[in-house]
Amino acid sequence: MDEPQIDGHDTNEDIDLSHHLSNEARIRVANPLKDIIRVISECPVTDLISMANGKLTVIHSGDPHHSLYPFRQIMYEVPSVHDTPDLVTSWRNNSGPAQIIRSYKDQECALSIRDAFPYSRAAGLKQCTDVLTHFTKLMFAPPNHHVTLTLGNSDGITKVFRLFGQKGDHFLTDEFSFPSMTNVPLAYGVKWVGVKMDAGGIIPEELERVLIKWDEVKLGRRPRVLYIIPVGQNPTGSTLSVDRRRKIYAIARTWDLIIIEDDPYYFLQYDIPQTNCALADPDEFIKDFRSTLIPTFLSMDVDGRVLRIDTFSKVLAPGMRLGWITSNKLFHIKLADYIDSSTQPPHAFGQMFVTEMLSEHGWKVEGFCRWLKSLRSDYQSRRDFLLDVFQREVEPTGYASINCPAAGMFVWIEVFFEKHPRFIREQHSGGSPVVARTNTENLLKELFEMLMNTHGVVFMPSSTFAIPENPLWVESDGHVPLSDCSRFLRATFGGSEDIIEKGMIRLGKGLREFFQD
């Protein structure tokens, strides 16, 4: 799919979004030591001598000299991405060829050890930010955006929340969302507003309804931040269509929203028509690969109101703890100020590996795209296997159904609690529209515990992901409380086929036993 632009609008470089910054972000000043290093790094003198750290080129005052580093070479053995049709399978089976990527201290490479390991500035090492900026431009074509390195998605999102949120604010998100992230801003007084979803993800009309109906006298200022996982949403597995993305971005422009696009599963998109894997020209292969991916909010962003969060956790390894934020220049600077006075940039090992991997000495962008293409094929096979076993072991019970996610790592299993002999539904007779009228949530808790303790299998209950409702922002007429909709189990297909099959067999047996109670 080609990346779209917003019809009738050119990039707006002059829009001022500084009013979105939290008080904390406004008053935070640049780390003076890092700021002077920035000035020095831009000095045109080629043989500048540092009396701060004894070098010809200043990196940071107080650095141990590179001659004291106890390593001269770092070697990475990775799959050879060329002439291997099924990269992931051959690598997993130790049957495919390998490639050696090296970082040196004193020999030529993309990011040398002597350049990588001194203290550095917040945005990350220039060599690493350069290759990620290049990759981002190729994949998403963002207008006028800048890359800031993070310690993975969780770190990046946490910092972005602090950039915009303060006590009394409300952020918008899906009504079922990832609690490890939605829990973060609660401690400093930010509350969440869950927006209704369906099988296609967040519903744009429901988003706009919340904004239109918002009572600032009773609730405080209208929400100005939307946090969203648009591809393979965690936990529901839903993926927003291009049409919904366009509508949501238009709503963001109308109501002056910041969009936090958390997209760790972006490259794990499935059911994509086969393209020419054997394309010899690297640029053509990259273009062909990119055309199969759904357009991002970042690619639509003409105002600078989208902050996109990317990570290597799902496509290389979670312990990499390396990702990046793509944002406008103002937010990039503010994030850098925060990082310079808190966590500091990500570790040099990860930055070196990514730089070498994407450079001429490694896979390059084309090779990384080949890996991603093979990886998504592997995950699709796991998804299809889970769906087949579910159809065989669980569907015949008549007590549950499953979605077929177009991306990500999760399936959303709906349990038909209304068929349970102890299911209770009460008539709504006024009062709060968010109070439960069924015992669905209690039955879900019982099922979770029985599956775990009796059948030895764990599924995440949807109540874990539910955003608490407030009667002040829901429609009274016809509203179904979220607790009555909390009838789902989240499962992953990231495990082996053996684990998946055993889990589905145990679920089928557990459901039969539970509903016979």
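## Here we look at the overall build of the protein chain
- Helix and strand counts for the protein chain come out as 18 helices and 15 strands.
- If one aligns the C-alpha atoms of the protein chain with their principal axes, the spans along those axes are about 80 × 60 × 45 Å.
- Here the protein chain, with 517 residues, has 53% of them falling under the buried criterion.
- For the protein chain, contacts bridging at least 24 residues in sequence account for 75% of all contacts bridging at least 6.
- Charged side chains of the protein chain number 55 positive and 67 negative; the gap between the two group centres comes to 4 Å.

## Some words on the confidence of the model for the protein chain
- Overall, the prediction assigns the protein chain a mean pLDDT of 90, with 93% of residues at 70 or greater.
- The low-confidence segment residues 2-9 (pLDDT under 50) makes 23 contacts with residues lying over four places distant or belonging to another chain.
- Low pLDDT, under 50, characterises residues 53-60; the predicted model gives this stretch 25 contacts beyond four residues in sequence or across chains.

## Some words on the side chain of Glu366
- Structurally, Glu366 is set in helix α15 (residues 364-393).
- On the accessibility criterion, Glu366 (5% relative accessible area) is buried.
- If sequence neighbours within four positions are ignored, Glu366 has contacts with His82, Pro282, Phe285 and Ile286.

## Describing the sheet that holds strand β15 (residues 488-492)
- Taken together, four strands build an open sheet; the order of strands is β12-β13-β15-β14 and the sheet is antiparallel. Both edges of this open sheet fall to β12 (400-402) and β14 (460-461), since each of them pairs with a single strand only.
- Together, β13 (410-415), β14 and β15 form the strand contacts of helix α16 (residues 440-453), whose direction differs from that of β15 by roughly 35°.

## Describing the pairing of β13
- For β13, the tally of buried residues reaches five of six residues, placing the bulk of the element in the interior.
- Pairing geometry for β12 and β13, over three bridges, is antiparallel. In the sheet register, Ile402 faces β13, and the bridge partner there is Ile413.

## Let's talk about helix α5 (residues 126-140)
- Compared with the 21 Å implied by 1.5 Å per residue over 15 residues, the 20 Å span of α5 between its first and last C-alpha is a close match.
- Among the residues making up α5, those that are buried are Cys128, Thr129, Val131, Leu132, Phe135, Thr136, Met139 and Phe140. Seen end-on, α5 carries its buried residues on one side only, within an arc spanning 165°. Exposed residues pointing more than 90 degrees away from the buried face of α5 are listed as Lys126 and Lys137.
- Note on α5: the residue one or two positions beyond its end, Ala141, has a positive phi of about 45°.

## Some remarks on the pattern of salt bridges
- Under the defined criterion, the tally for this structure stands at 30 salt bridges.
- Here Arg382 and Asp378 are joined by a salt bridge, their closest N and O atoms 2.7 Å apart. A residue pair is termed a helical-turn pair when its members lie 3 or 4 positions apart in one helix, as Arg382 and Asp378 do in helix α15 at four residues. Across the pair, exposure class does not vary: Arg382 and Asp378 are buried alike.
- Through salt bridges that share partners, Arg253, Asp256, Asp303 and Arg305 make up one connected network.

Basis of the calculations
- Residues numbered from 1 in each chain as written.
- Predicted model: local features only at pLDDT ≥ 70, side-chain atom pairs only at ≥ 80, totals over all residues.
- Heavy atoms only, no water.
- Helix = DSSP H or I, 4+ residues; strand = E, 2+ residues; numbered from the N terminus.
- Buried < 20%, exposed > 50% of the residue type's maximum accessible area, 1.4 Å probe, protein only.
- Contact = heavy atoms within 4.5 Å.
- Lys, Arg positive; Asp, Glu negative; His and termini not counted.
- Charge placed at Lys NZ, Arg CZ, Asp CG, Glu CD.
- pLDDT = per-residue confidence, 0-100.
- Pairing = 2+ DSSP bridges.
- Axes fitted to C-alpha atoms, helices over the stretch in contact; angles between N-to-C directions.
- Expected span 1.5 Å × (residues − 1).
- Arc of directions from axis to C-beta.
- Salt bridge = Lys/Arg side-chain N within 4 Å of Asp/Glu carboxyl O.

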